[in-house]
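# Inside the fold
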Amino acid sequence: MAYDADELIGESAVFLQTLDAVDAVAALNKPVLLVGERGTGKELLASRLHYRSPRWDSVFLQMNCAAISDDLLESELFGHEAGAFTGAAKRHVGRFERAHSGTLFLDEVATTATRVQEKILRLIEYGQFERLGGNETLVADVRIVAATNQDLVALAENNRFRVDLLDRLAFDVITIPPLRERSDDIPLLAEFFAINMATELEREFFHGFTDEAMGELFDHSWPGNVRELKNVVERAVYRNDENEPISQIVLDPFESPYRPREPLLNGNKGGSIDAGPRQRLPVDMREEIEQIEIQWINEALEANRYNQRSAAEALGLSYHQFRHYLRKYDLGSEKRENRAESAEE
């Protein structure tokens, strides 16, 4: 993957702080752990880290650890000798061996099996490994940049990830802010993706976004982060009249009255959740959904003594997602604070 600085776009303080953290650690020959939700740009930051390091003129390889089975992953990382397993007709040189003197980016490292974690740990500590089916100890000078969208600390505490490997990977940890925490960057990103899409469609001009369309982009919580924004903007450009500003934003391309639905199951096998009495049509569906969300948020806050983190967990949301909903619906912060103080008294 070649590094393209133009794809790392943003002027918000939290985004610039992230870039500064990457640049600061790039010069060191130490492992780095990138933590962030899906779509936040972990691959781009790993690439930036490599190309701003003393290893910039050597190889940069990446491996998505969740993309293949554990057995194949071990072979892809460390290689194998001919006859090491059924189908291994010839020697295979693994990513660590090929990345010698360079950088190897291990994406979704939380999904690796224990035996793979053990071999990664040994390589970090001693720079040594063996191919599968081999007995020759090989040496690799590789800088490891790992990434995850999971809580590795919690996984380690529950014996689902090696604590010693976590310690080695976490020489420095860079946590990437989600898009909802850098909303000032949404117009910059949206315009960048829109212009690129218009160019791909061989359109002479891009006429921008209407205020309503930009408002929709600001209001969305972006669970898929920058990657989701890119898809939404590119879809809006190609569907839009090339002589008009973008006015229609489709956040969910699956939304359709004809969409096939799977039945929702409750605790009884084969049962379905009772959705309650049906509304008579016509109905303002968006308003009804908003009222339901407000009701759930208020109930979760009350049930958890207005502790926002506990309320977020009760709703299956991250703390930042929960805060987004509080801002979206302007749910009386003063009232919540007064009730929280009363509860503490």
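In this text, all values refer to a predicted model and were calculated from it rather than measured experimentally.

Calculation rules
Residues numbered from 1 in each chain as written. Predicted model: local features only at pLDDT ≥ 70, side-chain atom pairs only at ≥ 80, totals over all residues. Heavy atoms only, no water. Helix = DSSP H or I, 4+ residues; strand = E, 2+ residues; numbered from the N terminus. Buried < 20%, exposed > 50% of the residue type's maximum accessible area, 1.4 Å probe, protein only. Areas by Shrake-Rupley, 256 points an atom, 1.4 Å probe, with all protein chains shown as cover. Salt bridge = Lys/Arg side-chain N within 4 Å of Asp/Glu carboxyl O. Pairing = 2+ DSSP bridges. Axes fitted to C-alpha atoms, helices over the stretch in contact; angles between N-to-C directions. Contact = heavy atoms within 4.5 Å. pLDDT = per-residue confidence, 0-100. Phe/Tyr/Trp six-rings, centres within 6.5 Å; stacked < 30°, edge-to-face > 60°. Lys NZ or Arg CZ within 6 Å of the ring centre and 35° of its normal.

### Here's the deal with the overall build of the protein chain
When helices and strands are tallied, the protein chain shows 14 helices and 7 strands. Of all 345 residues assigned to the protein chain, the portion counted as buried reaches 41%. Of the roughly 20400 Å² that the protein chain leaves accessible, carbon and sulfur atoms contribute 47%.

### Some points on the pattern of salt bridges
Tallying each qualifying case throughout the model produces 18 salt bridges. Among the ionic pairs, Glu43 bridges to Arg227, the shortest N-O distance being 3.8 Å. One end of the pair, Glu43, is in helix H2 (residues 42-51); the other, Arg227, is in helix H10 (residues 225-239), with 184 residues separating them in the sequence. With a relative accessible area of 23%, Glu43 lands in the partly exposed category. Relative accessible area serves as the criterion here: at 43%, Arg227 is assigned to the partly exposed category. Glu97 is the partner of Arg131 in a salt bridge, and the nearest nitrogen-oxygen pair spans 2.8 Å. Taken together, the residues span a long stretch of sequence, with Arg131 in the loop between strand E4 (128-129) and strand E5 (138-139) and Glu97 in helix H4 (residues 95-98) at a distance of 34 residues. When its relative accessible area of 7% is taken as the criterion, Arg131 is described as buried. Look at the salt bridges and you will find they share partners, linking Asp71, Glu74, Arg115 and Lys119 into a network.

### Let's talk about the sheet that holds strand E2 (residues 60-64)
An order of E2-E3-E6-E1-E7 is seen for the 5 strands of this open sheet, with the pairing classed as parallel. The open sheet has two edge strands, E2 and strand E7 (172-175), and neither has a second partner. Mean inter-strand twist for the sheet, computed between neighbouring axes without regard to direction, equals 20 degrees. The sheet contact formed by E2 and strand E3 (residues 103-107) spans 5 bridges and is parallel. Of the residues in E3, the one forming a bridge with Asn64 is Asp107. Set on the sheet, helix H1 (residues 13-26) makes contact with strand E1 (32-35), strand E6 (143-148) and E7; between it and E7 the angle comes to about 160 degrees.

### A word on the confidence of the model for the protein chain
Overall, the prediction assigns the protein chain a mean pLDDT of 87, with 88% of residues at 70 or greater. Here residues 264-276 is a poorly scored stretch, pLDDT under 50, and it has 10 contacts once near neighbours within four places are set aside; other chains count. Every residue in residues 334-345 scores below 50 in pLDDT, and together they form 10 contacts with partners more than four places removed in sequence or on other chains.

### Digging into the packing of aromatic side chains
Aromatic ring pairs are reported here in terms of the distance separating the ring centres and the angle at which the planes meet. Evaluation of the coordinates by the stated rule reveals 6 aromatic pairs. With centroids separated by 5.1 Å and ring planes inclined at 25 degrees, the aromatic side chains of Phe78 and Phe96 adopt a geometry described as stacked. Linking Phe78 in helix H3 (residues 70-78) with Phe96 in helix H4, this pair joins segments that are 18 residues apart in sequence. Residue Phe78 shares its accessibility class with Phe96, and that shared class is buried. Counting every residue linked through ring pairs, the aromatic cluster contains Phe78, Phe96 and Phe129. For the cation-ring pair, Lys119 lies above Phe78, with the distance from its terminal atom to the ring centre recorded as 4.6 Å. Arg182 extends its terminal NZ or CZ atom over the ring of Phe15, reaching a point 4.0 Å from the ring centre.

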